[in-house]
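Residue-level structure breakdown
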Amino acid sequence: MINITLAISTEFFDSFAKLPKQIQRKVTAFINKFRNNPTATGINYEKIVNAADKNIFSVRIDDTYRGIIAKHEQEGTYILLWVDHHDEAYAWATRKKCRINPTTGNLQIYEVQEEYNDAPKQENSLFINYNDEQLLKLSVPEELISQVRSVCCEQDLYSLKTIMPDDAYENIEWLMNGFSYDEVINYITNDIPESNKTNSYAEALKNTQSQRSFVIVDNNEELVKMMSEPLEKWRVFLHPTQKTLVDKSYSGPARVLGSAGTGKTVVAMHRAKYLASTCSDKEKVLFTTYTSNLAKDIEENLKKICNSNDLKKIEVVNIDAWVSKFLKSKNIQYAIKFDDELNEEWEKAIIQSRESLNFSAKFFMDEWNNVVCAQEAYNETLYLRAQRVGRGIRLDRKTRMQVWKVFEEYQNIMKIKNIRDVNWAYYECKLALQNDKISRHYKSIIIDEGQDLSMSAYMLLRTIAGEEHTNDIFIVGDSHQRIYKNKAVLSKAGVNIRGRSSKLKINYRTTEEIRKYATAILNNINFDDMDEGIDSNKECQSLTHGIKPVIQQFKTANEEIDFIINKIKELTNNGIELKNICVAARTKKLIEDYTRIFATYKISTFEIKRSKIDDRSVDGIRIATMHRIKGLEFQIMFIVAVNKDIIPLRYSKNEFEDNLSNEEYIKSEKCLLYVALTRAQRAVFITGYGKASDLIKAL
């Protein structure tokens, strides 16, 4: 008996999502019937006259709608390719081919156009210097080589995106963006697992490259989830580089870098799902990140890809909440405060120390976090020995001793008040864990937005993970998106990632035009790789294109509001739902102001807060501070009040004791603007009034 293989293409989900709801229900009912027996007599396969691929058939959904299927009956493989109104479905299918690429072994869908078959080479073609063999190795189907050779400019290539297979288009765009042929081949061979060469469609579907565009349907629960939200492709389709990272077995901690929009969180979630599937009933995976709203968002998204059994084995919690819960379980109870919440304690410590040092409370706070806590130098002897690399002000031994007097007073005040700052709490949690009899609390730990965690956090997580072991810690992050004050060197925190580091290079969220603009904000700035190396996002590219960011600077705030309101009306008139539009501003006060203004225009809003997820069932424009939208994405972004002294946010002249501290602050503000820009999928509008921000003027 032949084993039946049923697969669905990513393009099928695109077409399915556009159908009326009642037709979607009919299609789903057909697929359920089809999955049970694709050879049933009730399923009428109709040949498509003049079809480019004789294995592509239509099937009847109802009187008006047809599905398009690639049928390989002899080996029992059936692939759902498209669904549409009768005439549109036939028009789509006539020129399409679904074939195994003989050079790469990948399954591809592409369109053939006869007018290109005998087209002469274009002398000004961007790819005239590449021979047929080279283009075939880049996954270009032989029938499309003429089209590729006809490309003379960027727009020519963009026009081929709808007819070329995803893998071929991606490789050709790497060439167009300035990468050498050898660099692209190296990327393909090193970052993407080699496909098995086969003539079997069932076997080709199992290749990692094929799985970026096709999914094999194994069970009904999986099918129901896919059909219920067809546009959320991240749940089903992974790029080969992502899939490799998800399924790989590492001998110890591993780190994945990637600029905004490259799917780091998606990889982390699928990794959690994979590791949970390998856990025994008593084992668990900890999934943690820095902010509570991102943790809640991840928890909700895991429900979309995990079955109930695997979901029970994944604990999702932001690191601070985990610490509070653990300390309470050990009867260690005190309040944990953050950053500016401790200004009063620092000012009091400075006064009570009676030391005549002309340093601000911010200086002492930064010295405490970046030197004392980062190196666990919690007594005077250790502090005097501690390294201060990267601190702008030099301190001699005498001055260090005076600084320590302030730290002593600070610790006494905190103990009397029964409070701790977050890094100190991490340290005390680590000590409590070391005295715990449990050697390992989790089989694996997943860390998202790893660039935002401090040295103290990583030293704690290393302790939670226990002795280094297979698949113990998996970190995803990007220092270009470091918008908090924390910074860590993984190796110095006991997290050794040497030989277990990877980088994602394809941006799936933003258009290339938005990506280039956002990246330009960070030009001429060096970024670390969360260890002791340098990270560059120059290797990244987006495969989608659209309008460039729109920048509008107005004389008055009222003029800015008029523009925003009119643009929102225009967008909604063109079918964009309010919940797919986000308005972001630098401060909480600005968010309150814009919320009130939207209310006067009867435009509903939904504020994204620290401990509140973006509830997609609630309509209304999303509105939030730029910090709160970290890790989220929206079709349209408005970044408002991009004014001088707002971005970067102005502090008093005495806030920074040295130029280095000021430079680090400006860098973090640029990163914040970069993060806000890269939340946009389709378009971004940057508006301001009065004097424009220096960050925008520089571009």
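Being a predicted model, the structure only gives us computed values, none of them experimental.

With respect to the packing of aromatic side chains
Enumeration according to the criterion identifies 34 aromatic pairs in this entry. Between Trp 346 and Tyr 410, the aromatic rings sit 3.7 Å apart at their centres with planes inclined by 5°, giving stacked as the arrangement. Placement of Trp 346 in helix α16 (residues 343-353) and of Tyr 410 in helix α19 (residues 397-417) is noted, with a sequence separation of 64 residues between them. Across the pair, exposure class does not vary: Trp 346 and Tyr 410 are buried alike. With centroids separated by 6.4 Å and ring planes inclined at 65°, the aromatic side chains of Phe 563 and Phe 685 adopt a geometry described as edge-to-face.

Concerning the domain arrangement of the protein chain
Here the protein chain is described as being made up of domain 1 (3-214), domain 2 (233-327 + 435-503), domain 3 (334-416) and domain 4 (546-687). Counting from both sides, the interface comprises 20 residues of domain 2 and, opposite them, 18 residues of domain 4. Between domain 2 and domain 4 the total buried area reaches about 1600 Å² when both faces are included, carbon and sulfur atoms providing 53% of it. Counting the contacts that link domain 2 with domain 4 gives 2 salt bridges.

With respect to the environment of Thr 241
By secondary structure assignment, the location of Thr 241 is in helix α11 (residues 240-247). With relative accessibility at 7%, the residue Thr 241 sits in the buried group. Separated by 53 residues in sequence, Thr 241 and Ile 188 have C-alpha atoms that sit 9.2 Å apart. Among the polar contacts made by the side chain of Thr 241, one reaches the side chain of His 239 at a distance of 2.8 Å.

Structural notes on the sheet that holds strand β11 (residues 314-316)
With parallel pairing, the 6 strands of this open sheet are ordered in space as β11-β10-β14-β15-β9-β16. The open sheet is flanked by β11 and β16 (501-504), the only strands paired with a single partner. Each strand axis lies, on average, 15° off the axis of its neighbour in the sheet, ignoring direction. Across 4 bridges, the pairing between strand β9 (residues 254-258) and β16 is parallel. Paired with Arg 255 across the strands is Ser 501, a residue of β16.

As for the pairing of strand β26 (residues 680-689)
Taking burial as the measure, the 10 residues of β26 include 7 buried ones, the bulk of the element. Sheet topology note: the strand β21 (residues 550-554)/β26 ladder contains 5 bridges and is parallel. Considered in β26, the bridge of Phe 554 is made with Tyr 689. In the sheet, strand β25 (residues 634-639) pairs with β26 via 5 bridges, with the strands oriented parallel. Across the sheet, residue Ile 636 finds its bridge partner in β26, namely Ala 683.

Some thoughts on the sheet that holds strand β4 (residues 65-72)
The strands that make up a sheet are held in pairs by hydrogen bonds between backbone atoms, and each pair lies either parallel or antiparallel. If you trace the 6 strands from one edge of the open sheet to the other, you get β2-β3-β4-β5-β1-β8, paired in mixed fashion. Looking at the sheet topology across the chains shown, the edges are occupied by β2 (46-47) and β8 (214-216). One ladder, built from 8 bridges, connects β4 with strand β5 (residues 77-85); its direction is antiparallel. Paired with Tyr 65 across the two strands is His 85, which belongs to β5. Across the sheet, helix α3 (residues 86-94) is in contact with β2, β3 (56-60), β4 and β5; its angle to β5 comes to roughly 130°.

Comments concerning the packing of helix α20 (residues 422-434) against helix α21 (residues 455-465)
In contact at an axis separation of 9 Å, α20 and α21 are set at 20° when each is read in the N-to-C sense. In terms of orientation, α20 lies roughly parallel with respect to α21. Considering the relative orientation of α20 and α21, their crossing is left-handed. Of α21, the residues touching α20 (which contributes Asn 423, Tyr 426, Cys 429, Lys 430, Leu 433 and Gln 434) are Ser 456, Ala 457, Met 459, Leu 460, Thr 463 and Ile 464. Grouping the amino acids of the contact of α20 with α21 by side-chain chemistry returns 7 nonpolar, 4 polar and 1 charged.

What about the environment of Cys 429?
Within the element layout of this structure, Cys 429 appears in helix α20. Since its relative accessible area comes to 0%, Cys 429 is described here as buried. Setting aside residues no more than four positions away along its own chain, Cys 429 makes contact with Trp 322, Val 323, Phe 326, Leu 327 and Leu 460.

Concerning the nonpolar core
Ranked by internal contacts, the top residues of the largest apolar core, which has 72 residues, are Trp 322, Val 323, Tyr 458, Met 637, Ile 639 and Leu 677. Of the residues forming this core, the biggest block, 8 residues, is contributed by α21. Beyond its immediate stretch of four places on either side in the chain, Val 323 contacts Ile 336, Ala 425, Tyr 426, Cys 429 and Leu 460.

Describing the pattern of salt bridges
For the structure shown, the criterion picks out 44 salt bridges. The closest approach of N and O atoms between Asp 366 and Lys 362, which form a salt bridge, is 2.7 Å. In this pair, Asp 366 and Lys 362 are both assigned in helix α17 (residues 361-373), 4 residues apart and thus about one turn of the helix distant. Side by side, Asp 366 and Lys 362 carry an identical accessibility label, which is buried.

Quick look at the pairing of β9
Counting buried positions along β9 yields 5 of 5 residues, so the element is predominantly enclosed. Bridging between β9 and strand β15 (residues 473-477) involves 4 bridges; their strand directions are parallel. Within β15, the position partnered with Val 256 by the bridge is Val 476.

Considerations on the side chain of Asn 643
Counting through the fold element by element, Asn 643 comes out in the loop between β25 and α25 (659-677). For Asn 643, a relative accessible area of 5% corresponds to the buried category. In this view, Asn 643 contacts Gln 553, Gly 688, Tyr 689, Lys 691, Ala 692 and Ser 693; residues no more than four positions away in its chain are not counted.

Cut-offs used in this document
- Residues numbered from 1 in each chain as written.
- Predicted model: local features only at pLDDT ≥ 70, side-chain atom pairs only at ≥ 80, totals over all residues.
- Heavy atoms only, no water.
- Phe/Tyr/Trp six-rings, centres within 6.5 Å; stacked < 30°, edge-to-face > 60°.
- Helix = DSSP H or I, 4+ residues; strand = E, 2+ residues; numbered from the N terminus.
- Buried < 20%, exposed > 50% of the residue type's maximum accessible area, 1.4 Å probe, protein only.
- Domains from an automatic or database assignment.
- Contact = heavy atoms within 4.5 Å.
- Buried area = accessible area lost by both parts, 1.4 Å probe.
- Salt bridge = Lys/Arg side-chain N within 4 Å of Asp/Glu carboxyl O.
- Polar contact = N/O pair within 3.5 Å; in protein donor to acceptor, adjacent residues only side chain to side chain.
- Pairing = 2+ DSSP bridges.
- Axes fitted to C-alpha atoms, helices over the stretch in contact; angles between N-to-C directions.
- Parallel < 35°, antiparallel > 145°, perpendicular 65-115°, else oblique.
- Left-handed = near helix turned anticlockwise from the far one by under 90°.
- Nonpolar A, V, L, I, M, F, W, Y, C, P; charged D, E, K, R; others polar.
- Core = buried A, V, L, I, M, F, W, Y, C linked by side-chain atoms within 4.5 Å.

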